[in-house]
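For reference, the chains in residue letters:
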Amino acid sequence: MTSPSSRACAGMAVLLLPILSACAADPAAPGETPGPTAAHRLADSKALELPLDEYLLTTIDAGELARGRDSLMRKCLAGLGAPYTPEARASTDIETNERRYGLADAELAKQHGYHVPDVAKTAEDYPSSIMPLVTGEATTHNGVPVPEGGCAGQAQRELHETDLQEALALPQKLNMESYLKSQKAPAVVKATEAWSTCMKESGHTYPDPLAAINDKEFSAATPGPHEKEVALADVLCKQKVNLIGVWSAAESEYQRYAIESNKSTLTEPLAAKQRTMSAAKAAAGP
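## Some words on the confidence of the model for the protein
- Of the residues in the protein, 82% have a pLDDT of 70 or more, and the chain-wide mean is 86.
- Here residues 1–31 is a poorly scored stretch, pLDDT under 50, and it has 62 contacts once near neighbours within four places are set aside; other chains count.

## Some words on helix 2 (residues 59–79)
- In this model helix 2 runs 31 Å from its N-terminal to its C-terminal C-alpha over 21 residues, within 8% of the 30 Å that 1.5 Å per residue would give.
- Those residues of helix 2 that fall on the buried side of the exposure criterion are Thr59, Asp61, Ala62, Leu65, Ala66, Gly68, Asp70, Ser71, Leu72, Met73, Cys76 and Leu77.
- Check the buried side of helix 2 and you find it contacts helix 4 (131–135), helix 5 (150–158), helix 6 (161–167) and helix 12 (267–284).
- Positive backbone phi, approximately 80°, marks Gly81, located one or two places after helix 2.

## Some points on the packing of aromatic side chains
- Counting across every chain of the model gives 5 aromatic pairs.
- Aromatic rings pair up to connect Tyr101, Tyr179 and Trp247 into one cluster.

## Side note on the nonpolar core
- Formed by 33 residues in total, the largest nonpolar core has its most connected members in Tyr101, Leu103, Tyr114, Trp195, Met199 and Tyr206.
- Every element with two or more residues in this core is listed here: helix 3 (106–112), helix 8 (186–201), helix 9 (209–213), helix 10 (225–241) and helix 11 (243–261).
- Those residues within four positions of Met199 in sequence are excluded, and the remaining contacts are His204, Tyr206, Val230, Ala233, Asp234 and Cys237.
- Judged by nonpolar contacts, the second largest core, of 31 residues, contains Leu52, Leu65, Cys151 and Ala280.

About the cut-offs
- Residues numbered from 1 in each chain as written.
- Predicted model: local features only at pLDDT ≥ 70, side-chain atom pairs only at ≥ 80, totals over all residues.
- Heavy atoms only, no water.
- pLDDT = per-residue confidence, 0-100.
- Contact = heavy atoms within 4.5 Å.
- Helix = DSSP H or I, 4+ residues; strand = E, 2+ residues; numbered from the N terminus.
- Expected span 1.5 Å × (residues − 1).
- Buried < 20%, exposed > 50% of the residue type's maximum accessible area, 1.4 Å probe, protein only.
- Phe/Tyr/Trp six-rings, centres within 6.5 Å; stacked < 30°, edge-to-face > 60°.
- Core = buried A, V, L, I, M, F, W, Y, C linked by side-chain atoms within 4.5 Å.

If you want it as structure tokens, here you go:
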């Protein structure tokens, strides 16, 4: 089971999207600060879209990429005379920005507290008998040369994945910076204080949602009644003060400003993402 601290980071970047690599980067000078905008009411963040999503791998993108990779792996292994079809992958129920600002689903809070619900396991690793073909440890099979780096290496090359990861460095960095900066936006600070007041009225004392989700008391393998109670109060207080709406509006402004300020350098990661996703969709077929 994921620890509360891991869940907090996962809230910012659920999935394969490695924006956590930007955690170690020093934030760039903020330059001019975008002006405030009116926040819309937003009860949860399941369908939340942010401006930088276009330049990053979303939940949907990651799923399509995995399907394309699996298809290329099947083709490669069949060509080597070692056909293998991986089990169907389970899809995650967590959307791209669903937990970016912490837990926001009252039903999940009631059932699981801050814990991420268990989902069906994804496909197992390839059988040990064909792993040398997957990794490239074997150089030939049935007299057929194994591609450099194995079938996995070939699939990565066909999907341009190495180029994509390098190109994503800038949008990942901007994505993390916008989150950190938006935490300090006046409207977000005010809404967070209102959330904290609401929590106190419910009998729970926390300065902000991250303090609640990272409470060491909630580090057990399974959620207890108190965790569920706090998590539900957390979500209801977010809804009461419109914290998700206020925070996402503020961060969207930072992201739009970042996109405009880095317009010329963001063309490369956008093109790299489009190239990889096109290759993945072509590989996966209809």
